[in-house]
Amino acid sequence: MDEKEFDYLNVIPLVDVMLVLLTIVLTTSTFIATGGIKVDLPKAEASEELAALHPCTIVVNKEGKLWVDSVETPLAGLEATLAHADRLTPLILRADKDIPLQLFVDVYEAIKRLGFTTLSLQTEQQP
C-alpha cells in the first residue's frame, strides 16, 4: 500500500488553541490588575501615587479576613508572614470602609511593631 505525502498542513486547530490561550491570558491579566478580592474602599480627597516597584499589599475585607499578597492570613499570623520582608518594602493597606476600627488598629500595630517605614492606605477618589 502506498503512503500518500502531506500536501498541506491544516493550521485551523492550531489557531483555535492559540485563541483559547490568548483568552485565558487576557482574562487572568485583568484579574491580576484589578485585584480579585472585593473591597469597598473608603473615599478621600487627595491620593498619593506609589512610586515603589514591588509593594506588599494587605487586604482586609468586610468580614475581617486578611490577605497578604493574595494569600489568606489570619490576624495572629500577620507578623509571622511579614517578618521575612524587607523593612523598606512599601506596604499598601486596602481595608473595607465597613471594618471595625479595632481590626484596623490591630493590623496597623502589627505592621508598626515589625518596623516597616512606609505604609499607605489605599482609597478611592471622591467624586
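Everything below is about the structure shown above.
The rules we used
- Residues numbered from 1 in each chain as written.
- Predicted model: local features only at pLDDT ≥ 70, side-chain atom pairs only at ≥ 80, totals over all residues.
- Heavy atoms only, no water.
- Phe/Tyr/Trp six-rings, centres within 6.5 Å; stacked < 30°, edge-to-face > 60°.
- Lys NZ or Arg CZ within 6 Å of the ring centre and 35° of its normal.
- Buried < 20%, exposed > 50% of the residue type's maximum accessible area, 1.4 Å probe, protein only.
- Helix = DSSP H or I, 4+ residues; strand = E, 2+ residues; numbered from the N terminus.
- Pairing = 2+ DSSP bridges.
- Salt bridge = Lys/Arg side-chain N within 4 Å of Asp/Glu carboxyl O.
- Axes fitted to C-alpha atoms, helices over the stretch in contact; angles between N-to-C directions.
- Core = buried A, V, L, I, M, F, W, Y, C linked by side-chain atoms within 4.5 Å.
- Contact = heavy atoms within 4.5 Å.
- Polar contact = N/O pair within 3.5 Å; in protein donor to acceptor, adjacent residues only side chain to side chain.

> What's the story with the packing of aromatic side chains in this structure? I'm lost.
Counting across every chain of the model gives 0 aromatic pairs. Residue placement shows Arg87 over the ring face of Phe116; its charged tip is 5.1 Å from the ring centre.

> What should I look at first to understand the pairing of strand S2 (residues 56–60) in this one?
A regular strand carries its side chains on alternate faces of the sheet. For S2, the buried fraction is high: 4 of the 5 residues fall into the buried class. Bridge count between S2 and strand S5 (residues 91–95): 5 bridges; the pairing is parallel. Looking at the pairing, Cys56 lines up with Leu91 of S5. The pairing of S2 with strand S3 (residues 66–68) spans 3 bridges and is classified as antiparallel. Its bridge partner lying in S3, Val59 is registered against Trp67. Counted along the chain from S2 to the antiparallel partner S3, the turn is 5 residues long, and its residue Gly64 has a positive phi close to 90°.

> Whenever I open this one, the pattern of salt bridges confuses me. Can you help?
Pairing of side chains with opposite charge becomes possible as their charged atoms draw close. Evaluation of the coordinates by the stated rule reveals 4 salt bridges. Across the pair Lys43 and Glu124 runs a salt bridge, and its minimum N-O distance is 2.7 Å. One end of the pair, Lys43, is in strand S1 (residues 43–44); the other, Glu124, is in strand S7 (residues 124–125), and 81 residues separate them in sequence. Residue class for Glu124 comes out partly exposed when judged on its relative accessible area of 32%. Arg113 serves as the salt-bridge partner of Glu79, at 2.6 Å between the closest nitrogen and oxygen.

> Help me understand the sheet that holds S3, please; the structure alone is not making it clear to me.
Strands in a sheet are paired, the pairing made by backbone hydrogen bonds, and the direction either parallel or antiparallel. One open sheet holds the 5 strands; their spatial order is S4-S3-S2-S5-S6, and the pairing between them is mixed. Of all strands in the sheet, those with a lone pairing partner are strand S4 (71–73) and strand S6 (119–121), marking the two edges. Across this sheet, the average inter-strand angle for adjacent strands is 25°, counted without regard to direction. When S3 meets S4, the two strands line up antiparallel, connected through 3 bridges. Of the residues in S4, the one forming a bridge with Trp67 is Glu72.

> What should I look at first to understand the nonpolar core in this one?
Core analysis: the biggest nonpolar cluster contains 18 residues, and Ile58, Val60, Leu78, Leu82, Val107, Ile111 and Phe116 have the highest contact counts within it. Counting residues per element, the ones that place at least two in this core are S2, S3, helix H2 (78–82), S5 and helix H3 (101–113). Top element by residues in this core is H3. It accounts for 4 residues. The residues touching Leu82, leaving out its near neighbours within four places in the chain, are Cys56, Ile58, Val68, Arg87, Ile111, Leu114 and Phe116.

> Quick question: what am I supposed to make of the environment of His84 here?
For His84, the position within the fold is in the loop between H2 and S5. At 2.6 Å, the side chain of His84 forms a polar contact with the backbone oxygen of Thr81.

> Just to check I follow, could you spell out the environment of His54 for this structure?
Its location among the elements puts His54 in the loop between S1 and S2. With 36 residues separating them in the primary sequence, His54 and Pro90 have C-alpha atoms 7.7 Å apart.

> Where do I start with unusual backbone geometry in this structure?
Residues other than glycine seldom take positive phi values, yet Asp69 does so here, at roughly 50°. With respect to the element layout, Asp69 can be found in the loop between S3 and S4.

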